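Listed here are the chains, written in short residue letters.
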Amino acid sequence: MANIKISEQKVQQIEAICKDFNNEKGELINVLHKTQSLVGYLPAEIQEIIAKNLNCSVAHVYGVVTFYSYFTMIPKGEFPISICMGTACYVRGAEKVLDEFKRILNVPVGQTTPDGKFSLSCLRCVGACGLAPVVMVGDKVYGRVSPDGVKDIIKEYKQA
Amino acid sequence: MTQYKMHLLVCGGTSCGASESEQLFQNLKNEIIEKGLENEVQVITTGCFGFCEKGPIIKVLPDNTFYTQVKPGDATEIIAEHVIKGRRVNRLLYINPETKEAVSDSKHMGFYRKQLRIALRNCGFIDPENIEEYIARDGYAAIAKCLTEMTPAQVIEEMKKSGLRGRGGGGFPTGLKWEITSKSQADQKYVVCNADEGDPGAFMDRSILEGDPHSVIEAMAICGYCIGATKGVVYIRAEYPLAVERLKIAMKQASEYGLLGTHIFGTEFSFEIDIRYGAGAFVCGEETALIHSMEGFRGEPTIKPPFPSVSGYLGKPTNVNNVETFANVPVIINKGADWFASIGSEKSKGTKVFALAGKINNVGLIEVPMGTTLRDIIFEIGGGIKDGKKFKAVQTGGPSGGCLTEKHLDIAIDFDSLTAAGSMMGSGGMIVMDEDDCMVSIAKFYLDFTVEESCGKCAPCRIGNKRLNEMLEKICAGKGTMEDLDLLRNLSYVIKDTSLCGLGQTSPNPVLSTMENFYHEYLAHIVDKKCPSGQCKALLQYVIDEENCVGCTACARNCPVNAIAGERKGMHIIDQSTCIKCGACLEKCKFNAVFIK
């Protein structure tokens, strides 16, 4: 099912990560964290490599990957956009901000634009509730975002 | 050690960090070096001051000056005026919204006056990356006292006497939990710190770890001594990079100082701490789910008993406490159980940290004695409702809690009074809502959350919450019937009674409490097909006012579905059957002729 061929070098790096954790099945979540920060996402092919090294079933790995919202099987865009949908942001209008991002980028939540530039996701509370509603692009936090301000944020990265 | 004459404390919490507090810190440092003051004035980054609404914050000691909304560009002026000439920079002071006067000393701010900071005692006061500052504030004195002067049983007795209850939501007596775990027989036991703060809108655990990580480390070691564990694990959200980093630094420093490792304080006691990362699952706040996640599995809860105190992490007796609970422990040992028990209400001792957010003037992190009223919290500390609007409800306890209203404002809040009022303490999230919020939508918002976060193991939670959510969607779309209301209530009780873990047992609370307190809003949606707060899109009607419309055609040209008809310079009309309620006409009209009915 996996048709993305990752490089031999990446395979070795992933195997090295598994080895760092003594190929222990109980360290699966730590392995997935490290691997995702290396590759950016966790496609089926990578899950197979990890399952083989930790000596567990691919189903087990897949079960864990899909259980936790932090892990993704879809590559993130060059500029990942996350809209905080914590309660504080919600009551201060985060949904309208999200709708505007969806409208302008023309992608649903959890997807990446066809040019690979932007991906859109929701997250639960970054803890910057004083700045609600909050939007994150990569590591940069934008506070007090209004639906009108959305196009300016996107513009900032379009040229980049 | 250098004796500084003046200290500039710059908030390095996440909220202030998002407003360039790091650049501000750098600028202040550079400025000080430039003026040759580095031996007289110290600039440090601290944890959160709690007053996130007006960040970034700088506090100047010893005169207690509190600067708000400071920009990196203000550094030069602060150094030139305040530090060198001793004159406060008035334009950066906090303005009392009532008297319109500048408040120079944080002690006189309404936000701080009614607070009592125990768990947050060091947040915004010390440099969290410097163990010596923690030690200077009686840090690690409690563990020293426990190891050298007290037996584990005596420490447990002290904890029981203090009346401390778990701050993560359950409210289980901490001392009792320790005692139970201490009595389990095993070759290895574990102390687990639950730092998987999943409640949206609550950020106290993160702030404690960012602002005072050593207090958690010290408390975990004390717990280890009491229950007979030599290993501790902090289970923390991967989404909290700053907290993880500060915790790691603190653990390293503690090891270097011999406060973690073997033979602590020359005794036989050894303790070490490991970090495990969560990966974003709300259900992992539940002890058994958290333990499964630590073991590398899906975070699904299991039936208790066996309790983790008997069989937990890797099948060994495990004591799980929350970050805020741990942060209270060293103070209790240092100042005594009697002192702690003298604060708070009859059955809930000490203080509680609340994350105050939503439609409130002073968003931030606050800590008040148990038994403070909601009114004091919202109107005194929180400074009232934003934009002079009317208070409508406050949601406590996050997705598991309920909405409280005007009539609950004078309840002295603690674990039991909140439960009695149909809500709960939870981890301490407190979201304030005003007249513009639709309570049916709020209930739906929480159910959206629960549906997504339900682990799927038991049917009532997995299927039941989904059905609740669908009914709420139907009501918000104006298609609800009176029968749906009965179904909502009945199903809610079934889910509460039959779910496996705390998530499902509390998930219908937002529905039940809004139905109880805002029944008229449900009726308005169902019978009148109206959303009184104008939030539910499907129930809105955009109408053009005859008086104000000048016939400029701006609305008609911008309508994406051509639902607006009318001649140039003539009155325009919106065809309600075609209108998709996008609001483009309202936005484009320059004459205030479009309004929502």
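Residues numbered from 1 in each chain as written. Chains lettered and ligands numbered in written order. Predicted model: local features only at pLDDT ≥ 70, side-chain atom pairs only at ≥ 80, totals over all residues.

Asker: Would you mind going over the packing of helix α10 (residues 213–227) of chain B against helix α13 (residues 323–335) of chain B with me for this structure?
Answerer: Axis angle and axis distance: for two packed helices, these are the angle between their axes and the distance between the axes, and together they describe the pair. All names here are of chain B. Taken N-terminus to C-terminus, the directions of α10 and α13 make an angle of 75 degrees; their axes are 8 Å apart at the nearest point. Taken together, the axis directions place α10 and α13 in an arrangement best described as roughly perpendicular. Touching Ser215, Val216, Glu218, Ala219, Met220 and Ile222 of α10 are Val323, Phe326, Ala327, Val329, Pro330 and Ile333, all from α13. Per-class residue counts for the contact of α10 with α13 are 10 nonpolar, 1 polar and 1 charged. (Axes fitted to C-alpha atoms, helices over the stretch in contact; angles between N-to-C directions. Helix = DSSP H or I, 4+ residues; strand = E, 2+ residues; numbered from the N terminus. Parallel < 35°, antiparallel > 145°, perpendicular 65-115°, else oblique. Contact = placed C-beta atoms within 7 Å. Nonpolar A, V, L, I, M, F, W, Y, C, P; charged D, E, K, R; others polar.)

Asker: Would you take a moment to explain the domain arrangement of chain B for this structure?
Answerer: Much of the literature gives interface size as the accessible area that the parts lose upon coming together. Each assigned domain of chain B is listed here: domain 1 (6–112), domain 2 (131–340), domain 3 (351–434), domain 4 (439–528) and domain 5 (541–596). Distance from the C-alpha centre of domain 4 of chain B to the C-alpha centre of domain 5 of chain B: 36 Å. (Domains from an automatic or database assignment.)

Asker: Before we go on, may I ask you to explain the sheet that holds strand β3 (residues 135–137) of chain A in this structure?
Answerer: Adjacent strands of a sheet pair through backbone hydrogen bonds, lying either parallel or antiparallel. All names here are of chain A. The strand order β2-β1-β3-β4 describes an open sheet built from 4 strands, whose pairing is mixed. Looking at which strands have only one partner, the edges of the open sheet turn out to be β2 (118–123) and β4 (140–142). Neighbour-to-neighbour, the strand axes of this sheet turn through a mean angle of 20 degrees, independent of strand direction. Of the pairings in the sheet, the one linking strand β1 (residues 79–84) to β2 comprises 6 bridges and is parallel in character. (Pairing = 2+ DSSP bridges.)

Asker: What is the right way to read the packing of helix α6 (residues 94–105) of chain A against helix α7 (residues 150–158) of chain A from this model?
Answerer: Residue and element names in this part refer to chain A. Between α6 and α7, the least distance of the axes is 9 Å, while the angle of their chain directions is 50 degrees. Comparing their axes, α7 and α6 come out oblique. Remark: the crossing between α6 and α7 carries right-handed chirality. For the pair α6 and α7, the contacting residues are Val97, Glu100, Phe101 and Ile104 in the first and Val150, Lys151 and Ile154 in the second. (Left-handed = near helix turned anticlockwise from the far one by under 90°.)

Asker: Any chance you could explain the pairing of strand β1 (residues 6–11) of chain B here in plain terms?
Answerer: A regular strand carries its side chains on alternate faces of the sheet. All names here are of chain B. One ladder, built from 6 bridges, connects β1 with strand β2 (residues 41–46); its direction is parallel. Bridge pairing links leucine 9 to isoleucine 44 in β2. One ladder, built from 4 bridges, connects β1 with strand β3 (residues 58–61); its direction is antiparallel. Bridge pairing in β3 places leucine 8 opposite valine 60.

Asker: Honestly, the environment of alanine 18 of chain B in this entry has me stumped. Any pointers?
Answerer: Looking at the secondary structure, you find alanine 18 of chain B in the loop between α1 (14–17) and α2 (21–34). You can call alanine 18 of chain B buried: it has 24 C-beta atoms within 10 Å. When the C-alpha positions of alanine 18 of chain B and glutamate 132 of chain B are compared, they lie 28 Å apart, and in sequence the two are 114 residues distant. Leaving out residues up to four positions away in the same chain, alanine 18 of chain B has contacts with Ala128, Leu131, Val141 and Gly143 of chain A. (Buried ≥ 20, exposed ≤ 12 C-beta atoms within 10 Å, placed from the backbone.)

Asker: Sorry, what's going on with the nonpolar core here?
Answerer: Where a protein is soluble and globular, its nonpolar side chains tend to be buried together. Of all hydrophobic cores here, the largest spans 207 residues; its most connected members are Val134 of chain A together with Val216, Met220, Ile222 and Ala355 of chain B. For methionine 220 of chain B, the residues in contact, after removing those within four places along its chain, are Val191, Cys193, Gly232, Ile273 and Phe326 of chain B. Core analysis: the second largest hydrophobic core is formed by 14 residues, Ala554, Ala563, Cys589 and Ala593 of chain B among them. (Core = buried A, V, L, I, M, F, W, Y, C linked by C-beta atoms within 7 Å.)

Asker: When you look at the environment of glycine 110 of chain A in this model, what are you seeing that I'm missing?
Answerer: Residues and elements named next belong to chain A. Note that glycine 110 resides in the loop between α6 and β2. As a C-alpha pair, glycine 110 and lysine 5 span 105 residues in sequence and 23 Å in three-dimensional space. Not counting the four nearest positions on each side in its chain, glycine 110 is found in contact with Ile74 and Ser121.

Asker: Looking at this structure, how should I read the sheet that holds strand β9 (residues 272–278) of chain B?
Answerer: Residue and element names in this part refer to chain B. Strand order in the open sheet formed by 4 strands is β9-β8-β7-β10, and the pairing between neighbours is parallel. Looking along the sheet, the strands with just one partner apiece sit at the ends: β9 and β10 (318–322). Each neighbouring strand pair of the sheet contributes to a mean axis angle of 25 degrees, computed without reference to strand direction. Across 5 bridges, the pairing between strand β7 (residues 190–195) and β10 is parallel. When the bridges of β10 are listed, asparagine 194 appears paired with asparagine 322.

Asker: Mind showing me how you'd approach the pairing of β9 of chain B here?
Answerer: All names here are of chain B. By the bridge criterion, 7 bridges tie strand β8 (residues 231–237) to β9 in an arrangement that is parallel. Bridge pairing in β9 links isoleucine 236 to tyrosine 277. A crossover connection joins β8 to the parallel β9 through helix α11 (residues 241–256); in handedness this β-α-β unit is right-handed. (Right-handed = clockwise from strand over helix to strand, strands pointing away.)

Asker: Can you help me understand the environment of glycine 344 of chain B in this one?
Answerer: Residues and elements named next belong to chain B. With respect to the helices and strands, glycine 344 occurs in the loop between α14 (337–341) and β11 (351–358). Under the C-beta neighbour-count criterion, glycine 344 is labelled buried, with 23 such atoms within 10 Å. Put simply, glycine 344 and threonine 419 are 75 residues apart on the chain and 17 Å apart in space, counted from C-alpha to C-alpha. In this view, glycine 344 contacts Lys349, Gly350, Thr351, Pro369, Met370, Gly371 and Asp414; residues no more than four positions away in its chain are not counted.

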